[in-house]
Amino acid sequence: MGDENTLLDEAEARHLLRRVGFEISTRDLHRYTGKSRGYAADALTRGKGTTFKPKVRYNVYQADLRREVHDSWLNYMLKTGKQFQEKMVLFWHDHFACSVIDVKDFTLMANQNKLLRRHCKGNVKNESFKTFVKSINRDAAMMDFLDTNKNTKTKPNENYGRELQELFTLGVYDINGVANYTQADIVQIAKAFSGWRFYKDTSAGHKYGDAYLDTTKHDNTTPKPVFTTVGGFGAAGRDITLGGTSIGAAEIDNVIDILFDHTDSDGQGTVARYITGKLISYLANANPTKATIDAIIARSNFDGSTDPLTAWQLAPLLREILVDDFFYAAVAQPHSVKWPVHYVVSTLRQLNMNLDYTNFTASVDINNDGINETISVKRYHVLNAISTTVGIQQQLTDMGQALFEPPTVFGWDWETAWTNSGTLLERNDFAVIIAQARGVGSKAFRPERLINRALTDPGDIVDAVTAALHVQDQFPNGSASRQALIDYLTEAGSIAPPINLNDPTTVDKKLRGLFCLVLESPAYQLQ
Amino acid sequence: MSLSRRQFLKRTSLLTAGSFLSPALARNPFLRRAMADALGGKYLIILNADGGNDGLNTVIPTSGSLRATYQAVRNTLEIPTTSLAASSISNDPGTGNALALHPALDGFKSLYDLGRVAVFQGCGYPNPNLSHDEARKKWAIGDPTNTLGGNAGWVGRFLVNAGYGAADISSVNLRTSIAREFSQSTTNVIAMSSLASFDFPYDSAYSSDDSYKRAAYAALHEDASLSAEATRQFIGNAGTATLTASEHYPPIEPIYLADRPTWNNGYESLNSATADNLREIAKIIYAVENGFDTNVCARFFQLTKGGFDTHSNQGAETGRQANLFKEISRAVEQFYADVENMGIANKVLVVWWSEFGRRVN
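Scoring rules and cut-offs
Residues numbered from 1 in each chain as written. Chains lettered and ligands numbered in written order. Predicted model: local features only at pLDDT ≥ 70, side-chain atom pairs only at ≥ 80, totals over all residues. Heavy atoms only, no water. Helix = DSSP H or I, 4+ residues; strand = E, 2+ residues; numbered from the N terminus. Buried < 20%, exposed > 50% of the residue type's maximum accessible area, 1.4 Å probe, protein only. Contact = heavy atoms within 4.5 Å. Areas by Shrake-Rupley, 256 points an atom, 1.4 Å probe, with all protein chains shown as cover. Rg over C-alpha atoms; globule rule 2.2 N^0.38 Å. Lys, Arg positive; Asp, Glu negative; His and termini not counted. Charge placed at Lys NZ, Arg CZ, Asp CG, Glu CD. Pairing = 2+ DSSP bridges. Axes fitted to C-alpha atoms, helices over the stretch in contact; angles between N-to-C directions. Parallel < 35°, antiparallel > 145°, perpendicular 65-115°, else oblique. Nonpolar A, V, L, I, M, F, W, Y, C, P; charged D, E, K, R; others polar. Core = buried A, V, L, I, M, F, W, Y, C linked by side-chain atoms within 4.5 Å. Left-handed = near helix turned anticlockwise from the far one by under 90°. Phe/Tyr/Trp six-rings, centres within 6.5 Å; stacked < 30°, edge-to-face > 60°. 1 Å grid on protein atoms, 1.4 Å probe; cavity = no way out; pocket = protein on both sides within 12 Å on 5 of 7 lines; lining within 4 Å. Points joined across faces, edges and corners; volume = space filled by probe spheres on them. Buried area = accessible area lost by both parts, 1.4 Å probe. Salt bridge = Lys/Arg side-chain N within 4 Å of Asp/Glu carboxyl O. Polar contact = N/O pair within 3.5 Å; in protein donor to acceptor, adjacent residues only side chain to side chain.

**Q** Tell me what's going on with the overall build of chain B, and back it up with residues and numbers.
**A** Along the backbone of chain B there are 13 helices and 8 strands. Looking at chain B as a whole, 50% of its 361 residues are labelled buried. Looking at chain B alone, contacts between residues at least 24 apart form 67% of all its contacts between residues at least 6 apart. Total accessible area on chain B stands at roughly 15,500 Å², and carbon and sulfur atoms take up 53% of it.

**Q** I'd love a proper account of the overall build of chain A, names of residues and values included.
**A** A count of helices and strands for chain A gives 22 helices and 6 strands. Taking 2.2 N^0.38 as the reference for a compact globule, 527 residues should give roughly 24 Å; the C-alpha atoms of chain A span a radius of gyration of 25 Å, in line with that estimate. Along the first, second and third principal axes, the C-alpha set of chain A runs to 85 × 65 × 35 Å. Across chain A, every contact between residues at least 6 apart in sequence was considered, and the portion connecting residues at least 24 apart equals 70%. Counting only carbon and sulfur atoms, one obtains 50% of the accessible surface of chain A, whose full area is about 19,200 Å². With 56 positive and 61 negative side-chain charges, chain A shows a spacing of 5 Å between the two charge centroids.

**Q** Describe the sheet that holds strand β6 (residues 188-191) of chain B, naming the residues involved and giving the relevant values.
**A** Residues and elements named next belong to chain B. Across the sheet, 5 strands lie side by side as β6-β5-β7-β1-β8; this open sheet has parallel pairing. The sheet is open, and its two edges are formed by β6 and β8 (348-353), each paired on a single side. This sheet shows a mean twist of 20° between the axes of neighbouring strands, independent of strand direction. Of the pairings in the sheet, the one linking strand β1 (residues 43-49) to strand β7 (residues 300-305) comprises 6 bridges and is parallel in character. Residue pairing in the sheet places L47 in a bridge with L303 of β7.

**Q** Which residues make up the packing of helix α18 (residues 392-399) of chain A against helix α19 (residues 421-435) of chain A, and what values go with them?
**A** Residue and element names in this part refer to chain A. As a packed pair, α18 and α19 sit with axes 8 Å apart at the nearest point and diverge in direction by 150°. Judged on the interaxial angle alone, α19 and α18 are roughly antiparallel. From α18, I392, Q395, D398 and M399 reach across to α19, where they touch T423, E426, R427, F430 and I433. Of the residues assigned to the contact of α18 with α19, the class counts are 4 nonpolar, 2 polar and 3 charged.

**Q** Describe the nonpolar core, with residues and values.
**A** In this structure, W92, F129 and V382 of chain A together with Y249 and F335 of chain B are the most contacted members of the largest nonpolar core, which totals 223 residues. Those residues in contact with V382 of chain A that sit more than four places away from it in its chain are L348, M353, L355, I392, F430, I433, I434 and A437 of chain A. By size, the runner-up hydrophobic cluster in this structure holds 13 residues, among which are L44, L159, F182 and W353 of chain B.

**Q** Run through the packing of helix α5 (residues 83-95) of chain A against helix α7 (residues 106-119) of chain A, naming residues and quoting values.
**A** All names here are of chain A. Packing of α5 against α7 leaves a shortest axis separation of 9 Å and a crossing angle of 120°. The orientation of α5 with respect to α7, classified from their angle, is oblique. Relative to α7, α5 is oriented so that their crossing is right-handed. Across the interface between the two elements, Q85, E86, V89, W92 and H93 from α5 touch N113, L116, R117 and H119 from α7. Residues belonging to the contact of α5 with α7 are distributed by class as follows: 3 nonpolar, 4 polar and 2 charged.

**Q** Account for helix α12 (residues 251-261) of chain A, with residues named and values stated.
**A** Most of α12 of chain A sits out of view: 8 of its 11 residues are buried. Of the residues making up α12 of chain A, those classed as buried are E251, I252, N254, V255, I256, I258, L259 and F260 of chain A.

**Q** Can you tell me about the packing of aromatic side chains, naming the residues and giving the values?
**A** According to the stated counting rule, one finds 40 aromatic pairs over all chains in the structure shown. Centre to centre, the rings of W92 of chain A and F132 of chain A are 5.2 Å apart; their planes meet at 75°, and the pair counts as edge-to-face. In this pair, W92 of chain A is assigned in helix α5 and F132 of chain A in helix α8 (residues 129-137), connecting sequence segments 40 residues apart. In this structure F132 of chain A comes out as buried when scored by relative accessible area, which is 0%. A centroid spacing of 6.4 Å and a plane angle of 45° characterise the contact between W139 of chain B and W353 of chain B, whose relative ring orientation is tilted. In this pair, W139 of chain B is assigned in helix α6 (residues 132-141) and W353 of chain B in strand β8, connecting sequence segments 214 residues apart. Judged by its relative accessible area of 16%, W353 of chain B is buried.

**Q** An account of helix α10 (residues 159-169) of chain A is requested, with residue identities and associated values reported.
**A** All names here are of chain A. Taking burial as the measure, the 11 residues of α10 include 11 buried ones, the bulk of the element. Of all the positions in α10, only N159, Y160, G161, R162, E163, L164, Q165, E166, L167, F168 and T169 are classed as buried. Backbone geometry just downstream of α10 places G171 in the positive-phi region, at approximately 90°.

**Q** How would you sum up the environment of H221 of chain B? Please name residues and give values.
**A** Within the secondary structure layout, H221 of chain B lies in helix α8 (residues 210-225). In the structure, H221 of chain B is positioned 17 residues away from A238 of chain B in sequence and 8.3 Å away in space, judged by C-alpha atoms. When sequence neighbours within four positions are dropped, the list of residues in contact with H221 of chain B reads E520 and P522 of chain A together with I235, G236, G239 and T240 of chain B.

**Q** Any chance you could break down empty space enclosed by the protein for me, citing the residues and the numbers?
**A** As enumerated under the stated definition, the model contains 6 cavities of 30 Å³ or more in all. As a volume, the largest cavity reaches approximately 120 Å³. As for the largest cavity, its lining consists of 13 residues, of which Y488 and G513 of chain A together with D203, D209 and K213 of chain B are closest to the centre. Within the residue set of the lining of the largest cavity, elements represented by two or more residues are α19 and α22 (504-520) of chain A together with α8 of chain B. Considering each element in turn, the lining of the largest cavity owes the most residues, 4 residues, to α22 of chain A. When residues of the lining of the second largest cavity are assigned to their parent elements, the largest contribution, 3 residues, is made by helix α17 (residues 340-350) of chain A. Residues of the lining of the second largest cavity, tallied by class, amount to 5 nonpolar, 4 polar and 2 charged.

**Q** Explain the interface of chain B and chain A residue by residue, including any values.
**A** Each side of the interface is counted separately: chain B has 45 residues, and chain A has 47 residues. Across the chain B to chain A interface the summed buried area is about 4,000 Å²; carbon plus sulfur atoms make up 57%. Taken as a group, L220, R232 and I235 of chain B account for 17% of the area that chain B buries against chain A, more than any other trio of residues on that side. Taken together, the links from chain B to chain A amount to 3 salt bridges. The salt bridge partner of D209 of chain B is K510 of chain A, with a shortest N-O separation of 2.6 Å. One can count 13 residue pairs in polar contact (both at pLDDT 80 or more) joining chain B with chain A. Ranked by residue count, the leading element in the side of chain B that touches chain A is α8 of chain B, at 9 residues. Its residues assigned to classes, the side of chain B that touches chain A comprises 20 nonpolar, 12 polar and 13 charged.

**Q** Kindly report on the sheet that holds strand β3 (residues 88-89) of chain B, identifying the contributing residues and their values.
**A** All names here are of chain B. If you trace the 3 strands from one edge of the open sheet to the other, you get β2-β4-β3, paired in antiparallel fashion. Here the strands that pair on one side only, and so sit at the sheet edges, are β2 (59-61) and β3. Bridge count for β2 against strand β4 (residues 99-101) is 3 bridges, and the pairing is antiparallel. The residue of β4 that forms the bridge with P61 is L99.

All we've got here are geometric facts, nothing functional implied.
What follows is the structure in structure tokens.
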């Protein structure tokens with residue numbers, strides 16, 4: 001059993017870096033090895049998100065341009081020093097899932113991405129997870145995706161009211177399997193959101209996508225009672241209009257305040273347990289126990305039970321997850337499946353590879369005047385891979401995770417849902433494409449630069465390759481997996497040592513092949 | 001399609017008797033053949049209309065009180081009885097009111113007239129909470145009162161009980177992910193978008209290296225499949241099955257193309273994803289039936305056609321829902337004709353289903 005003062009050994013530091021980022025650098029490994037869990041967690045959770053926003057040249061919905069906004073974010077992940085930040089933005093993209101395929105507006109998706117980044121790990125002055133959710137209420141991409149902009153007092157649309165509870169704050173059931181809300185609650189909350197719209201122009205002092213309330217379409221009914229049967233508010237429940245004193249635009253903020261006061265069948269904060277459980281599953285491992293969740297909430301004051309004034313802060317919550325025993329429980333045998341984006345970004349970064357791109361022409365109505373213009377569009381791909389695939393976005397799609405395209409409002413399915421035969425084969429394809437990225441410069445895969453070429457013993461060479469990809473602990477001496485790689489290198493013993501890594505063919509065939517096999521190995525799919 | 005529900009359930013109970021077999025015994029090819037015999041050499045295809053198909057505009061009342069209720073809740077999306085005359089089916093057993101299929105389900109209507117279609121209407125679960133995902137989950141897991149617990153799908157549990165083991169490939173899903181009703185972690189379900197795209201990748205610069213890479217890939221995954229840790233074991237088994245399937249499934253395609261060019265063209269002319277996916281299933285069934293490769297023995301299939309979350313934009317006689325219906329019913333009609341021509345129509349059951357967790361209007 002450890003705590004925030006427990007010192008990290010190298011394997012634990014590696015585990016931490018693998019979970020909170022994409023690439024494990026020697027510098028970071030040295031920085032955290034021998035330091036305490038708390039020291040590392042403090043360093044990682046410090047500061048708020050950057051202001052990066054994916055680039056949108058033309059806001060005209062088209063497949064070629066969908067690739068541009070996708071590749072813009074992916075390239076940022078490949079280059080940024082803020083790796084934990086981007087891992088968290090990806091988490092919130094899954095949590096507040098909106099798909100560009102439905103929203104069909106790149107500017108709004110990029111704006112949402114910027115919003116997620118701003119709040120991704122907290123530390124925003126005078127704000128919190130609660131204000132984050134209030135911002136999501138008014139986020140234009142979300143308003144479009146879940147039909148808030150179609151919600152009127154005469155024809156209420158319940159989509160956002162339902163998903164706000166089911167997915168964003170409470171969950172359908174609490175930790176004991178008891179329902180958190182009823183259809184009546186959805187109806188009342190939908191009324192509160194009726195009439196909310198966003199501007200689709202930039203005139204008169206507002207920006208494109210700014211939210212506003214069209215009071216003519218808003219249902220001003222008072223009271224709007226919610227949670228009269230569940231939520232721990234008693235038979236009276238709570239009134240969204242605060243007894244009629246707070247109607248109109250204030251109602252949607254009141255909804256969030258009420259949701260954050262909701263308690264479950266144990267009398268504990270429902271939002272705190274739901275969000276904490278999900279973050280633990282993402283950063284540490286799935287299925288944390290109630291005791292683990294509650295201990296982390298208590299230490300971080302996420303539910304405000306110690307100090308209401310500093311409730312709902314994400315940074316201390318993330319810190320407490322990163323110092324918890326549950327986080328370090330899987331050091332010896334990682335068993336959380338890497339998301340496809342993590343698999344691709346970590347591989348490229350660890351191998352010091354940038355993406356290449358090819359210019360294509362696309363016919364796009366960039367002025368929105370009914371006349372198509374021919375423009376040049378960059379399509380990013382691994383070096384040499386443009387002939388075999390249509391680019392990195394398609395590869396990620398085939399692995400099951402293109403950015404900005406979560407399959408539904410439920411986001412992506414995690415863990416072993418990522419690794420079926422079809423998506424594993426796509427990961428294998430990607431590994432072979434990496435192996436075939438022959439050439440010079442920063443876009444090429446140059447395995448000879450990643451290990452010591454003076455090595456001649458097959459076992460030493462295999463160990464150097466697994467160490468370069470930071471999975472050496474999963475290929476220990478004497479293991480069948482390590483022996484499989486040695487047999488590959490020596491062609492089942494028919495090539496006798498010493499192996500000469502200064503021989504170009506050995507490097508081009510066998511060293512590339514070794515890296516490829518490790519990228520395809522079960523151990524490398526796990527974190 | 002000719003199996004009645006009762007016959008199907010009878011076979012289900014027959015097959016569960018196989019569960020006393022140990023996994024090692026179940027891997028024996030002779031026993032596998034025996035299992036297929038117990039199943040009567042049948043094939044099950046599950047076709048999911050994802051997004052919540054509007055059941056009221058699928059099987060439509062055309063007379064009596066049901067019609068009046070229908071008109072009240074579908075006032076803007078109503079399909080007039082004049083448009084439904086050509087697609088009428090049997091009366092509703094409860095009320096005796098007349099029913100008809102949506103006119104765009106013409107492929108199903110012709111199969112219905114042949115006695116090949118059965119309709120199960122108004123299926124649901126107790127105290128629905130109106131969540132789409134919850135409804136999907138209920139249908140996929142098939143455990144509405146949550147008495148079994150866990151997330152294994154109903155087909156998945158069946159496969160496990162039937163004795164399929166870690167080395168078997170019992171099922172193919174024509175999609176990029178495994179459908180939830182197939183989920184379990186005992187035996188293999190292959191997800192592929194097409195047979196041709198399912199070949200195993202090698203570095204094209206050194207084909208002489210392929211066999212060494214293959215051996216290492218197999219050994220790495222075998223090592224993982226022996227792990228005591230469940231996720232690692234799962235990936236090990238999945239990788240092993242992927243390697244096997246990628247070597248045995250793509251070669252069956254040219255056989256079908258050479259033997260059944262007319263049928264192939266029939267799917268081609270429909271020009272739809274559903275027709276393409278059903279054609280891949282037909283290719284596999286053709287190979288299984290003819291025993292081209294003992295490693296190709298899948299009998300359970302799944303495919304999805306999404307886009308049914310049409311809500312108020314679904315249209316009535318024409319429109320989004322009608323287009324989806326046309327695609328599905330014509331593709332199934334073609335598929336049925338194909339397997340009928342193979343002489344095995346009486347061994348093939350297609351189940352078409354959709355979740356719908358929302359309010360009626």
